[in-house]
Amino acid sequence: MQKKKDIVYIDNFLAEHGRTPVTGFAMIKLLSSEGFNVVYASSKTNKLRRLADMLGTIWRHRKNSIVLIAVYSTSAFYFAWLCGKLCSRFYIPYITCLHGGNLPHRIKRSPLKSARLFGNASMNVAVS
């Protein structure tokens, strides 16, 4: 029997710092209950440390993994873009999970970055 892939879940897990909980926590529980090993990032409050944690987590778990990247329309879009770029560069499959009502506006403002992020994804999922 083939080993299940590990899942690296990239989102802003800042609820422990008083921010709104993300759907990622529910996804982690569901995926874990299905037998997947789920690693997630990041709960760092400092944006640079959070980005470094996200990229480092992807790098450390790049073997036999698939990466789920939460994509938002605000400045966190650039976190997703950089995570997708790392995945593409090292042939790590990734799925984008689209969040936020302003994504059409973000796509218009960042058409090349959007095309690369979404075009290189194994799948794009709109969760809402």
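Residues numbered from 1 in each chain as written. Predicted model: local features only at pLDDT ≥ 70, side-chain atom pairs only at ≥ 80, totals over all residues. Heavy atoms only, no water.

Taken together, the 5 strands give an open sheet; going across it, the order is 2-1-3-4-5, and neighbouring strands pair in parallel fashion. Edge positions in the sheet fall to strand 2 (38–41) and strand 5 (123–126), since each has one partner strand and no second. Averaged over all neighbouring strand pairs, the angle between strand axes comes to 20 degrees, with direction disregarded. The sheet contact formed by strand 3 (residues 65–71) and strand 4 (residues 94–98) spans 5 bridges and is parallel. Note that in strand 4 the partner of alanine 70 across the bridge is cysteine 97. Running over the sheet, helix 1 (residues 24–33) touches strand 1 (6–10), strand 2 and strand 3 and is turned about 165 degrees from strand 2. (Pairing = 2+ DSSP bridges. Helix = DSSP H or I, 4+ residues; strand = E, 2+ residues; numbered from the N terminus. Axes fitted to C-alpha atoms, helices over the stretch in contact; angles between N-to-C directions. Contact = heavy atoms within 4.5 Å.)

A word on the packing of helix 2 (residues 47–60) against helix 3 (residues 76–89). Axis separation between helix 2 and helix 3 bottoms out at 10 Å; the angle between their running directions is 25 degrees. With respect to helix 3, the element helix 2 is oriented roughly parallel. By crossing handedness, the relation of helix 2 to helix 3 is classed as right-handed. Packed against helix 2, whose contacting residues are Lys47, Arg50, Leu51, Met54, Leu55, Ile58 and Trp59, the element helix 3 presents Phe79, Leu82, Cys83, Leu86 and Cys87 at the interface. In terms of residue class, the contact of helix 2 with helix 3 is built from 10 nonpolar, no polar and 2 charged. (Parallel < 35°, antiparallel > 145°, perpendicular 65-115°, else oblique. Left-handed = near helix turned anticlockwise from the far one by under 90°. Nonpolar A, V, L, I, M, F, W, Y, C, P; charged D, E, K, R; others polar.)

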